[in-house]
Amino acid sequence: ECSEQTMCTQDLPLFDLENNSTIFFFDQLIAFNQVYSLFHRYLCLFVCFFGVLLNSLHFYVLTRKTMRVYIINALLCAMSICDIITMTSYFIYILRFRIFDSPATTIGYSYPWLIFLITHVTSSIALHTTSLYLSVIMAYIRWTALDRLDAKWINHGALKQILIFTALIVSIISIPTVMVHKIVPVMEVLGVNETEAIGGGLKLEGLYTVQLDETKINGCALFRALPCLLILWFTIALIYKLIQMSEKRKILRGEKREKEEFQLLATSSTPTNTTRDEPSPRIRKVSQCRNVSIDRTTLMLIIMLVVFLCTEMPQGLLAILSAIYPTHVHTMIYVNVGEVLDLMSLINCLTSFIVYCVMSTTYRATVKSVLCRPSNRGTVFKNTHLLLNSYRIQVS
């Protein structure tokens, strides 16, 4: 308690704790946390269980031949693996530390379980950060593809470089997270020896707890907030680019003029008199479908980025504030809303699957073929392959 008071006097104050409105706000926040904590563990179990199943299905669908031709889908596969590991680890954590044992009544844990706890915390942060940086890379790839379809980062050859670079960056960022945890015996924390513990009726031998050093992790706040800032920038850039391309198409095509030209070419053009400079109506129609496809893909990515922003921006802002006001942010905000932020991060792991199911016809057809296995499955894949080959021809 004395050390906390010393930290409070040394740290910059974020809130005026003598203001009645501030006191009332934090009283309500504490009351909310007490009520929400009763339901948090069960909500997380539900989200993690179905999240692992849906992300496994998502990974399997994206690895089909009809879906893996795009590098963005390959990156989504990597994100699905990160989400599956994160949710599985969180599922075990909830069962062991929040349902089987209550933190309010448990004094300590065995050493192996605390090793798992530190591994869970470190890996969850690292994998979630990896997903955020991969989403930033996807936004950059899509932003580049809207200008140049032959850009370097669109090819699958760049996938290995992207994954290695992301893993290296996240590994460096995760070093402070590992260093901040320290496993110590419970008797050392309580300041008692084995004889005093036995005399007091406490069985503390073989029990350990985790101590945190918040000062070692504050320097990493910028790296945790950086993906949120990049996602915000690319979301605005993609929306602006999408509007800009839509306006250009309206100017270049013209609604009425395009219909008249299409009818004229459909009635008068033949394969013998079609010139190289004037594409056939069929090619024009495929080109229009390609433009629509580009808009739909960009819109899907924008929706995913917006959801990422809504769930991750609060954590990014708190990470920055915790570096400036560590004591107030940790003891008054993180302690009371940390579980809500965890749930938002878990829900964020389902974004890709939900968006693809709602907005991608090819994805829904592939999911249906995987789950239902209809008799005309080969025909569905054949038609999809023909569509993809036509797309590649038009791009080239």
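Residues numbered from 1 in each chain as written. Predicted model: local features only at pLDDT ≥ 70, side-chain atom pairs only at ≥ 80, totals over all residues. Heavy atoms only, no water.

Per an unreviewed UniProt entry, the protein chain goes by G-protein coupled receptors family 1 profile domain-containing protein and derives from Caenorhabditis latens. UniProt annotates the protein chain under Subcellular location (unreviewed entry) with the comment "Membrane". (UniProt positions renumbered as here; feature names shortened; annotations may be inferred.)

What the protein chain contains, in helices and strands, is 14 helices and two strands. The buried share of the protein chain, taken over its 396 residues, is 40%. Here the contacts in the protein chain between residues at least 6 apart in sequence split such that 80% fall between residues at least 24 apart. (Helix = DSSP H or I, 4+ residues; strand = E, 2+ residues; numbered from the N terminus. Buried < 20%, exposed > 50% of the residue type's maximum accessible area, 1.4 Å probe, protein only. Contact = heavy atoms within 4.5 Å.)

One pass over the structure, following the stated rule, counts 17 aromatic pairs. Taking 5.2 Å as the distance between ring centres and 80 degrees as the angle between the ring planes, the aromatic pair formed by Tyr 111 and Tyr 208 counts as edge-to-face. Taken together, the positions of Tyr 111 in helix H4 (residues 111-145) and Tyr 208 in strand E2 (residues 208-212) put the pair 97 residues apart, joining distant regions of the chain. Judged by its relative accessible area of 25%, Tyr 208 falls in the partly exposed class. Summarising the aromatic geometry, the rings of Tyr 140 and Phe 234 are spaced 6.1 Å apart at their centres and angled 75 degrees between planes, so their arrangement reads as edge-to-face. Here Tyr 140 is found in helix H4, whereas its partner Phe 234 is found in helix H8 (residues 221-253), with 94 residues between them in sequence. By relative accessible area, Tyr 140 is classed as partly exposed at 32%. Residue Phe 234 is classed as buried on the basis of its relative accessible area, which comes to 8%. (Phe/Tyr/Trp six-rings, centres within 6.5 Å; stacked < 30°, edge-to-face > 60°.)

Attention shifts here to empty space enclosed by the protein. This model, assessed by the stated rule, comprises two cavities of 30 Å³ or more. Counted as a void, the largest cavity has a volume near 70 Å³. Lining the largest cavity, in full, are Met 79, Asp 83, His 128, Ser 131, Leu 132, Phe 308, Asn 348, Cys 349, Thr 351 and Ser 352. Elements with a contribution of two residues or more to the lining of the largest cavity: helix H3 (71-100), H4 and helix H12 (351-359). Examining the composition of the lining of the largest cavity, we find that three residues originate from one element, H4, more than from any other. Class assignment for the residues of the lining of the largest cavity results in four nonpolar, five polar and one charged. (1 Å grid on protein atoms, 1.4 Å probe; cavity = no way out; pocket = protein on both sides within 12 Å on 5 of 7 lines; lining within 4 Å. Points joined across faces, edges and corners; volume = space filled by probe spheres on them. Nonpolar A, V, L, I, M, F, W, Y, C, P; charged D, E, K, R; others polar.)

As a further point, take the nonpolar core. The nonpolar side chains of a soluble globular protein tend to be buried with one another. Among the nonpolar cores identified, the biggest contains 44 residues, and Leu 75, Ile 162, Tyr 356 and Tyr 363 are the most heavily contacted of them. Where this core is concerned, the elements lending two or more residues are helix H2 (20-62), H3, H4, helix H5 (159-179), H8, helix H10 (281-324), H12 and helix H13 (361-372). When residues no more than four places from it in sequence are discounted, the contact partners of Tyr 363 are His 58, Val 61, Leu 62, Met 67, Phe 353, Tyr 356 and Cys 357. Formed by 21 residues, the second largest nonpolar core is a distinct cluster that contains Tyr 109, Leu 114, Leu 343 and Leu 350. (Core = buried A, V, L, I, M, F, W, Y, C linked by side-chain atoms within 4.5 Å.)

Within the secondary structure, Ile 107 is located in the loop between H3 and H4. Distance from Ile 107 to Val 186, taken between C-alpha atoms, is 7.5 Å for residues 79 residues apart in sequence.

Taken together, the side chains of Val 35, Leu 38, Phe 39 and Leu 43 present a nonpolar region at the surface, about 390 Å² in accessible area. One can find Leu 38 in helix H2. (Patch = residues over 30% accessible without salt bridge, like charges linked within 9 Å, V, L, I, M, F, W, Y side chains within 5 Å. Areas by Shrake-Rupley, 256 points an atom, 1.4 Å probe, with all protein chains shown as cover. Salt bridge = Lys/Arg side-chain N within 4 Å of Asp/Glu carboxyl O.)

Once that is clear, we can look at the environment of Leu 76. Within the element layout of this structure, Leu 76 appears in helix H3. Along the chain, Leu 76 and Leu 134 lie 58 residues apart, while their C-alpha atoms are 8.1 Å from each other.

Attention shifts here to the UniProt feature "transmembrane region" (unreviewed entry) in the protein chain. In this numbering, the UniProt entry assigns the feature "transmembrane region" (unreviewed entry) to residues 39-62, 69-93, 113-141, 162-184, 221-243, 299-325 and 345-363. Taken end to end, residues 162-184 has its terminal C-alpha atoms 39 Å apart, with 78% of it in helix and 17% in strand. Taken as a whole, residues 299-325 contains 96% helix and 0% strand, while its terminal C-alpha atoms sit 38 Å from one another.

With that settled, the discussion passes to the side chain of Thr 311. Positionally, Thr 311 belongs in helix H10. Judged by relative accessible area, which is 9%, Thr 311 ranks as buried. Among the polar contacts made by the side chain of Thr 311, one reaches the main-chain carbonyl oxygen of Phe 308 at a distance of 3.1 Å. Looking at Thr 311, its side chain comes within polar contact range of the side chain of Asn 348, at 3.4 Å. Beyond its immediate chain neighbours, meaning those up to four positions away, Thr 311 contacts Met 344 and Asn 348. (Polar contact = N/O pair within 3.5 Å; in protein donor to acceptor, adjacent residues only side chain to side chain.)

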